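Commentary on secondary and tertiary structure
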Amino acid sequence: MVKKIAVLVSGGGSNLQSIIDNMDTMNGEVTLVVSNRKNAYGLQRAMDANIEAVHISKDDQALIALLQEREIDLVVLAGYLAILSDEFISAFPNRIINIHPSLIPSFCGHGAYGIHVHEMALQRGVKVTGATVHFVSEVVDGGPIIIQEVCQIGDLKYASDIQERVLEIEHRILPKAIKLFCEDKLKVHQERVTIL
Ligand code: GRF
């Protein structure tokens, strides 16, 4: 059965776009996009692709109800800048995935979002960074890791340049992880993910 995917966004939605653009390679379909911000460009991207686009500002119960009503199999957080309630997370066990723009467990957790993540990496002077796709658990950025990919920081001097380099990775590994999920190829055992 083709899996129904909901994508949650707060901003530009370039990760959402990467999923839409790769949908024909997946055993899944994005049937719903939700944003907690009314003017998120991600909502426009959804409408342009004829996908239902909904704004829900800060009501996890309404969100849970909508996702259940639409019989969503997988929830993808793609630049969703809100912390989900435990109730939400337990409603979709191992069925919520998130993309984070660093190599978890570096530069993650509360306050580590958007450009701040890359500023932290620059300031710490790490030589490599990257992106992580993981299942969402009650611990912020703490759930089982599905895919990570690394890039060199080299002589990049600005956080925005690192962001650009990392985004390229994000746009590759997020659709890849979703594809694996849709083919039932991700097995979670004792906090570790095995790709079948
Ligand atoms: C991405 O870097 C994502 O990893 C982070 O927020 C950014 C969202 O970008 N959580 P976009 O809205 O997908 O363009």
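Computed from a prediction, not measured in an experiment: that's the story for all the values here. Along every chain, residues carry numbers that run from 1 in the direction the sequence is written. In keeping with the predicted nature of the model, local features appear solely for residues at pLDDT of at least 70, side-chain atom pairs appear and are counted solely at 80 or more, and the whole-chain, interface and lining totals rest on all residues. Based on all heavy atoms of the structure, the side-chain values leave hydrogens and waters out of the count.

**Some remarks on the pairing of strand β4 (residues 74–77)**
Consecutive side chains of a regular strand alternate in pointing toward one face of the sheet and then the other. Using the following cut-off: Here the term buried applies to any residue with accessible area under 20% of the maximum for its type, exposed to any over 50%, and partly exposed to those in between, with areas from a 1.4 Å probe on protein chains only. Numbered from the N terminus, helices here are DSSP runs of H or I no shorter than four residues, and strands are runs of E no shorter than two. Here, any two strands with at least 2 DSSP bridges between them count as paired.
Both faces of β4 are covered, namely the face carrying Leu 74 and Val 76 and the face carrying Val 75 and Leu 77. The sheet contact formed by strand β1 (residues 3–9) and β4 spans four bridges and is parallel. The partner of Ile 5 across the bridge, within β4, is Leu 74. Here three bridges tie β4 to strand β5 (residues 96–100), and the two strands are oriented parallel to one another.

**Concerning helix α2 (residues 41–48)**
Defined as follows: For this quantity, the arc is that covered by the directions from the helix axis to the C-beta atoms. Residue contacts follow a heavy-atom distance rule, with two residues in contact if any of their heavy atoms lie within 4.5 Å.
Regarding α2, the residues found buried are Gly 42, Leu 43, Arg 45 and Ala 46. Each buried residue of α2 sits inside an arc of 160 degrees when the element is viewed along its axis, so together they form one side. For α2, the secondary structure elements touched by its buried residues are β1, α1 (14–21), β2 (28–35) and β3 (52–55). One or two residues past the end of α2 sits Asn 50, with phi positive at roughly 60 degrees.

**Quick notes on the sheet that holds strand β6 (residues 128–135)**
The strands that make up a sheet are held in pairs by hydrogen bonds between backbone atoms, and each pair lies either parallel or antiparallel. Here is the rule we go by: Structural elements are reduced to axes, namely lines fitted to C-alpha atoms, with helices fitted over the stretch in contact, and the angle between N-to-C directions of any two is expressed from 0 to 180 degrees.
An order of β3-β2-β1-β4-β5-β6-β7 is seen for the seven strands of this open sheet, with the pairing classed as mixed. Among the strands making up the open sheet, the edge pair consists of β3 and β7 (145–152). In this sheet, neighbouring strand axes are inclined to one another by 20 degrees on average, regardless of whether the strands run parallel or antiparallel. In this sheet, β2 lies alongside β1 in parallel orientation, the contact comprising seven bridges. From the neighbouring strand, Ile 5 faces β2, where its bridge partner is Val 30.

**Observations regarding the packing of aromatic side chains**
Stated precisely, the cut-off is as follows: Put simply, two rings from Phe, Tyr or Trp (the six-membered ring, in Trp's case) pair if the centres are within 6.5 Å, and we call them stacked under 30 degrees between planes, edge-to-face over 60, tilted for the rest.
Under the criterion given, the structure shown has one aromatic pair. Both rings, one in Phe 88 and one in Phe 92, keep their centres 5.4 Å apart while their planes meet at 45 degrees; by these two values the pair is tilted. Residue Phe 88 is classed as buried on the basis of its relative accessible area, which comes to 0%. Taking relative accessible area as the criterion, Phe 92 reaches 2% and is therefore assigned buried.

**Points about the side chain of Asn 15**
Test applied: Pairing of N or O atoms within 3.5 Å defines a polar contact, subject to two protein rules: one partner must be a possible hydrogen donor and the other a possible acceptor, and residues neighboring in sequence count only if both atoms are side-chain atoms.
Turning to its location among the elements, Asn 15 is positioned in helix α1. In terms of polar contacts, Asn 15 uses its side chain to reach the side chain of Glu 170, at 3.0 Å. The contacts of Asn 15, once residues within four sequence positions are left out, are Ala 78, Ile 99, Leu 167, Glu 170, His 171 and Leu 174.

**Section: the nonpolar core**
We count it as follows: In this description, a nonpolar core means a group of buried Ala, Val, Leu, Ile, Met, Phe, Trp, Tyr and Cys residues linked to one another through side-chain atoms lying within 4.5 Å.
Core analysis: the biggest nonpolar cluster contains 42 residues, and Val 7, Val 33, Val 76, Ile 97, Ile 146, Leu 174 and Ile 178 have the highest contact counts within it. At 10 residues, helix α6 (residues 159–182) tops the list of elements feeding residues into this core. Residues within four places of Val 33 in sequence aside, it is in contact with Val 7, Val 9, Leu 16, Gly 42, Leu 43, Ala 46, Ile 51, Glu 52, Ala 53 and Val 54. Core analysis: the next-biggest nonpolar cluster, separate from the first, contains 20 residues, Val 54, Leu 66, Ile 72 and Phe 88 among them.

**As for the environment of Glu 87**
Mapped onto the elements of the fold, Glu 87 is located in helix α4 (residues 86–91). Overall, the relative accessible area of 44% leaves Glu 87 in the partly exposed class. A C-alpha to C-alpha distance of 35 Å links Glu 87 and Cys 151, two positions 64 residues apart in sequence.

**What to know about α6**
How we decide: Multiplying 1.5 Å by the residue count of a helix minus one yields the expected span of that helix.
An ideal rise of 1.5 Å per residue puts 34 Å on 24 residues; α6 measures up with 34 Å between its terminal C-alpha atoms. Just downstream of α6, Asp 184 is the residue with a positive phi angle, here 55 degrees.

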